[in-house]
Amino acid sequence: MNSRYKDFDEVLKKKAVLLVAVTKTRPNEAILGLYNEGQRDFGENRVQELREKYVALPKDIRWHLIGHLQTNKVKYIAEWVHLVHSVDSLELLKEINRQALKHNRIISCLLQIFIADETTKFGFTKQEVIKMLDDAELNNFKNIKIAGLMGMATNTNDEGKVRNEFKSLKELFLEIKEKYYPSTENFTKLSMGMSGDYLIAIEEGATIVRIGSLLF
Ligand SMILES: *Cc1c(COP(=O)(O)O)cnc(C)c1O
């Protein structure tokens, strides 16, 4: 069996960081291998794959959507998705709320913040997210829970740059928490760090890391 996973899992548990195993392009047998070692949180960046895996795999898996979500696809995952990491518009929140209501659920969401210096990544800017939170409309959405923030650092070997991007995300997280979600049980999740940069992310305060290639 894959004892590398066990070592990895223990290190993260000690630090109270949740490991989301990213399964994109991995066959179901590989996912079941990790499942049999105890992993329950899995993430996919596409709705279609997420859905196929949800149908085929054990029902106690907690499925995380980590990639860009189109508004018209929310309905395919709303009944069972555990956490949406990649909310990047008010329209999307509205639709998640609408679909969650249909299934009598409250869906936890993270707001994706654009921290990288790359044009291809999705997310709110700091100004956009503050503006949205200042707007009272969000309080009308009773079937979503804004649980924290997510971000992806620039894909670079420059550690200092990556660290600064994670630091800025943590600062924004604290600022939003203090101003909009001061109670301890709300707004607790900070999803940052992938195979190449998760150690830096944890040092900078990640509570969730999303790891694919290192695990498989
Ligand atoms: C693929 C992906 C990951 C995992 O990347 P690895 O480098 O394989 O660990 C994490 N987050 C998102 C949003 C991804 O698309």
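Preceding block: the structure.
Analysis parameters
- The residue numbers shown here count from 1 along each chain, following its written sequence.
- Given that the model is predicted, a residue must reach a pLDDT of at least 70 before its local features are reported, and side-chain atom pairs must reach 80 or more before they are shown or counted; all residues, however, enter totals for whole chains, interfaces and linings.
- Based on all heavy atoms of the structure, the side-chain values leave hydrogens and waters out of the count.
- Secondary structure elements follow DSSP: runs of H or I of four or more residues count as helices, runs of E of two or more count as strands, with numbering from the N terminus.
- Computation of the radius of gyration draws on C-alpha atoms, with the globule rule given as 2.2 Å multiplied by the number of residues to the power 0.38.
- Relative accessibility decides the category of a residue: with a 1.4 Å probe and only protein chains considered, values under 20% of the type maximum give buried, values over 50% give exposed, and everything between is partly exposed.
- What makes two residues a contact is simply this: any of their non-hydrogen atoms within 4.5 Å.
- Charge assignment in this entry is limited to Lys and Arg as positive and Asp and Glu as negative, and neither His nor the chain termini are counted.
- The location of each charge is read from NZ of Lys, CZ of Arg, CG of Asp or CD of Glu.
- The criterion for a residue being near a molecule or strand is simple. One of its heavy atoms has to lie within 4 Å of it.
- Any pair of nitrogen or oxygen atoms within 3.5 Å is treated as a polar contact; in protein, a donor-acceptor pairing is required on top of that, and neighbouring residues in sequence qualify only through side-chain atoms on both sides.
- Only the protein chains shown count as covering a residue, and every accessible area follows the Shrake-Rupley method with a 1.4 Å probe.
- Whether two strands pair depends on DSSP finding at least two bridges between them.
- For the handedness criterion, the strands are oriented away from the viewer, and a crossover whose path from the first strand over the helix to the second runs clockwise is classed as right-handed.

Colleague: Which residues make up the overall build of the protein chain, and what values do they have?
Modeller: Per the secondary structure count, the protein chain includes 7 helices and 8 strands. Here the protein chain has a C-alpha radius of gyration of 17 Å; the compact-globule value for 216 residues is 17 Å, and the two agree. Counting only C-alpha atoms and orienting by the principal axes, one finds that the protein chain spans roughly 50 × 45 × 35 Å. A buried classification covers 48% of the 216 residues belonging to the protein chain. Pairs at least 24 residues apart make up 59% of the contacts formed inside the protein chain by residues separated by at least 6 positions. Charge-centre separation for the protein chain: the mean point of 32 positive side chains lies 4 Å from the mean point of 30 negative side chains.

Colleague: Residue-level account of the site of the ligand, with values.
Modeller: Around the ligand, the structure places Val22, Lys24, Asn45, Ile66, Met152, Met194, Ser195, Arg210, Ile211, Gly212 and Ser213. The side chain of arginine 210 places a nitrogen or oxygen atom 2.9 Å from a nitrogen atom of the ligand. Contact distances for the ligand include 2.8 Å between an oxygen atom and a backbone N or O atom of serine 213. Protein contacts shield 86% of the accessible area of the ligand, which totals 390 Å² for the unbound molecule.

Colleague: Please give an account of the pairing of strand β3 (residues 62-65) that cites residues and values.
Modeller: Here strand β2 (residues 41-44) pairs with β3 via 4 bridges, running parallel. Each bridged residue has a counterpart across the sheet, and for glycine 43 the counterpart in β3 is histidine 64. With helix α3 (residues 47-56) bridging β2 and its parallel neighbour β3, the resulting β-α-β unit is right-handed. With 2 bridges connecting them, β3 and strand β4 (residues 83-87) associate as parallel partners. Following the sheet pairing, histidine 64 is matched in β4 by leucine 83.

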